[in-house]
Amino acid sequence: MLQNNPELKSQIDQLWDKFWSGGISNPLTAIEQITYLLFMKRVDELDQKKQADAEWTDEPYTSKFAGTWIPPEYRQQENPEQYAIDKGTLRWSEFKRMQAEEMLQHVQSRVFPFLKDLNGEESNFSHHMKNAVFIIPKPTLLVEAVKTIDQIFAIMERDSQEHGQAFQDIQGDVYEMLLSEIATAGKNGQFRTPRHIIKLMVELVQPQLGHRIADPACGSGGFLLGAYQYIVTQLAIKAGAKDLPLDEDGFVRTSVAAALTEDAQTILQNCLYGYDIDGTMVRLGLMNLMMHGIDEPHIDYQDTLSKSYDEAGEYDIVMANPPFTGSIDKGDINENLTLSTTKTELLFVENIYRLLKKGGTACVIVPQGVLFGSGKAFKALRKLLVERCELKAVITMPSGVFKPYAGVSTAILLFTKVWGPKEKVTAPATEQVWFYEMASDGYSLDDKRTKQEGYGDLQDIVAKYQALDQEQETDADRTQKCFLVPRDDIEAEGYDLSLSRYKEEVFEEVNYEAPGVILERLIQAEVGDFGDEDLARVQSGMVRELVELREMIG
């Protein structure tokens, strides 16, 4: 949608520029502050819409801005009522009319504390917002930002009416676009996963309503959001939605509003779980999901590799793109993790195996070194995936997928947990592994990542993987871009999972013309149809040398 709306993109770019010139140059800090403002605007708009709907249907509704609000710091004092603030003054539509100095003071000291307290003191959202700070330093920057956000919302409203797309979806797209600007990501091996790769992975695991779904290194919540949107789309299709258009990557995704009954919304709210060790990312993840209509997301600050995290066997689906290059303090590693390593890319995969219920499925991005690393922990992990899990697929991706953040070569592992960590394996769970060599993801593989014609290999991967269940015969032609490899072959190679270990290169035999014929043609190209007598008279130059060569091979 955003690609087709240059006006919206221009406004978002202007917003970035204003923050940059206003002294907030760290993209992560800027997006956090922009998010707070977007959130204030959304809360007011949503509340006014609910009020209008309630009046229309004659149903009771209590506005979030009705009555008074006492800031938390005064609640234990005598006569706290004397500190009560009229909630109506905390609305975006009210404070945006104030003069610059007054507005900054009001938003800093009243509106922002109210926003942090929005879901009640006990809520997950309020808990993670405790340490959040509003640091827009200049009144003029706040006034400009408020004006630009109003314009962005007006464009979104118009786009929604003209193209019939749910306003909430457009708002989510705008937020996703803001998140994509975090080009400083990657300091801790964290890279924002491209949305089309998330859509591909969700399509491979096919989450259903009622599944418990987790991401143990969730960042801004992209995988949880991808699962949410997939489930909503499937519900819409079941409810009779037809002729749904394909998005720019060839996937069907429809609006949040189209199909969710109240029961389905409640079930869905309670099945998405995310964890991250960066407090800023936890807040961004919470607000990302809330912007998309998930009112009380379960995203928490947690180091899922540490001793303090002891969940196991809890989830039907785990999707993740865990940090690659980090390592963890040996003394803090959860003792249930058996690999003797401090490398996070290995520990996360083992931990994801532990988090799955028996029969649960994981789809995880790993650096390709995990597929062939010769260290003891590398081999132990691959053996675990082949023997205790049904390792269904290894999909290698080209190195440009994570540009501009990094040029690292990655792969997607898809596996289902069969044997628990303490169970005796009586028969290895994997019979054969499907390998696919992705050559293109539908975008240029340089820093610009421009959308290309078509979908690259994305739709081919989904179609071929889903067809595996129906096909009885083994697809064993290893000269193709995808093929099946039996477990015995993988065991014989020391559990090496690199595609190049099993792929057979095809060398075509090329038949060349005889040297004399080639030389004849070269001479003709130089001088035309000269006879042999004429050529014999040529004393020097290239033609003379070609004639002598022809005589030598005679």
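The rules behind these values
- Residues numbered from 1 in each chain as written.
- Predicted model: local features only at pLDDT ≥ 70, side-chain atom pairs only at ≥ 80, totals over all residues.
- Heavy atoms only, no water.
- UniProt positions renumbered as here; feature names shortened; annotations may be inferred.
- Helix = DSSP H or I, 4+ residues; strand = E, 2+ residues; numbered from the N terminus.
- Buried < 20%, exposed > 50% of the residue type's maximum accessible area, 1.4 Å probe, protein only.
- Contact = heavy atoms within 4.5 Å.
- Patch = residues over 30% accessible without salt bridge, like charges linked within 9 Å, V, L, I, M, F, W, Y side chains within 5 Å.
- Areas by Shrake-Rupley, 256 points an atom, 1.4 Å probe, with all protein chains shown as cover.
- Salt bridge = Lys/Arg side-chain N within 4 Å of Asp/Glu carboxyl O.
- Pairing = 2+ DSSP bridges.
- Axes fitted to C-alpha atoms, helices over the stretch in contact; angles between N-to-C directions.
- Core = buried A, V, L, I, M, F, W, Y, C linked by side-chain atoms within 4.5 Å.
- Parallel < 35°, antiparallel > 145°, perpendicular 65-115°, else oblique.
- Left-handed = near helix turned anticlockwise from the far one by under 90°.
- Nonpolar A, V, L, I, M, F, W, Y, C, P; charged D, E, K, R; others polar.
- Phe/Tyr/Trp six-rings, centres within 6.5 Å; stacked < 30°, edge-to-face > 60°.
- Lys NZ or Arg CZ within 6 Å of the ring centre and 35° of its normal.
- Right-handed = clockwise from strand over helix to strand, strands pointing away.

As recorded in an unreviewed UniProt entry, the protein goes by site-specific DNA-methyltransferase (adenine-specific) and comes from Lyngbya confervoides BDU141951. Per UniProt, the protein carries the Catalytic activity (unreviewed entry) text "a 2'-deoxyadenosine in DNA + S-adenosyl-L-methionine = an N(6)-methyl-2'-deoxyadenosine in DNA + S-adenosyl-L-homocysteine + H(+)". Under the heading Sequence similarities (unreviewed entry), UniProt records this for the protein: "Belongs to the N(4)/N(6)-methyltransferase family."

Re the overall build of the protein
Scanning the protein from N- to C-terminus turns up 20 helices and 11 strands. Taken over 554 residues, the protein has a buried fraction of 51%. Residue pairs in contact within the protein that sit at least 24 positions apart in sequence constitute 72% of those at least 6 positions apart.

A short note on a nonpolar patch on the surface
Among the surface-exposed residues, Leu-549, Met-552 and Ile-553 lie close enough to one another that they form a single nonpolar patch of about 330 Å² accessible area. For Leu-549, the location among the structural elements is in helix H20 (residues 541-553).

Points about the sheet that holds strand E10 (residues 432-437)
Strand order in the open sheet made by the nine strands is E5-E4-E3-E6-E7-E9-E8-E10-E11, with mixed pairing throughout. Each edge of the sheet is formed by a strand with only one pairing partner; in this case those strands are strand E5 (298-301) and strand E11 (482-486). Each strand axis lies, on average, 15 degrees off the axis of its neighbour in the sheet, ignoring direction. With three bridges connecting them, strand E3 (residues 213-215) and strand E4 (residues 272-276) associate as parallel partners. When the sheet's bridge partners are listed, Ala-214 is paired in E4 with Tyr-273. Across the sheet, helix H11 (residues 279-291) is in contact with E4 and E5; its angle to E5 comes to roughly 170 degrees. Sheet contacts for helix H14 (residues 376-387): strand E8 (389-397) and strand E9 (410-417); angle to E8, the most-contacted strand, approximately 120 degrees.

Digging into the nonpolar core
The nonpolar side chains of soluble globular proteins are, as a tendency, buried together. Grouped together as the largest cluster of nonpolar side chains are 101 residues, with contacts concentrated most on Phe-19, Leu-37, Met-40, Phe-134 and Trp-434. In this structure, Phe-19 is in contact with Ile-24, Ala-30, Gln-33, Ile-34, Leu-37, Ile-136, Leu-141 and Ala-145, ignoring residues within four places of it in sequence. Counting 40 residues, the second-largest nonpolar core is a separate cluster that includes Tyr-353, Leu-355, Ala-411 and Phe-435.

What to know about the side chain of Lys-199
Its location among the elements puts Lys-199 in helix H8 (residues 195-205). Those residues within four positions of Lys-199 in sequence are excluded, and the remaining contacts are Asp-247, Glu-248, Asp-249, Phe-251 and Arg-253.

As for the packing of helix H9 (residues 222-238) against helix H10 (residues 262-269)
Packing of H9 against H10 brings their axes to within 12 Å, and their N-to-C directions diverge by 155 degrees. Viewed along their axes, H9 and H10 adopt a mutual orientation that is roughly antiparallel. Considering how the two elements wind past one another, H9 and H10 form a crossing that is right-handed. Judged by residue contacts, Tyr-228, Ile-231, Val-232 and Leu-235 of H9 engage Ala-264, Gln-265 and Leu-268 from H10. Class assignment for the residues of the contact of H9 with H10 results in six nonpolar, one polar and no charged.

Describing the packing of aromatic side chains
Geometry of an aromatic ring pair is reported as the spacing of the ring centres plus the angle between the planes. With the rule as written, the count across this model stands at 12 aromatic pairs. Geometrically, the ring pair formed by Phe-65 and Phe-114 is tilted, given 5.7 Å between the ring centres and 50 degrees between the ring planes. With Phe-65 in the loop between helix H2 (27-57) and strand E1 (68-69) and Phe-114 in helix H4 (residues 100-116), this pair connects stretches of sequence that are 49 residues apart. Judged on exposure class, the residue Phe-65 and its partner Phe-114 are both buried. Relative to Tyr-83, the ring of Tyr-74 has its centre 4.0 Å away and its plane inclined at 10 degrees; by these criteria the two rings are stacked. A relative accessible area of 27% places Tyr-74 in the partly exposed class. Taking the relative accessible area as the measure of exposure, Tyr-83 reaches 28% and is therefore partly exposed. In this structure, Lys-417 is placed above the aromatic ring of Tyr-353, and the distance from its NZ or CZ to the ring centre is 4.9 Å.

Concerning the environment of Met-129
Counting through the fold element by element, Met-129 comes out in helix H5 (residues 124-129). By relative accessible area, Met-129 is classed as buried at 0%. Not counting residues within four places of it along the chain, the set of residues in contact with Met-129 comprises Tyr-36, Phe-112, Leu-115, Lys-116, Arg-283 and Met-287.

Some details on the pairing of E4
Counting buried positions along E4 yields five of five residues, so the element is predominantly enclosed. What you see with E4 is no split at all: Leu-272, Gly-274 and Asp-276 on one side and Tyr-273 and Tyr-275 on the other are buried throughout. Where E4 meets E5, four bridges bridge the pair, whose relative direction is parallel. Each residue of the ladder has a partner; that of Tyr-275, found in E5, is Asp-300. What joins E4 to E5 is H11, and the crossover it makes is right-handed.

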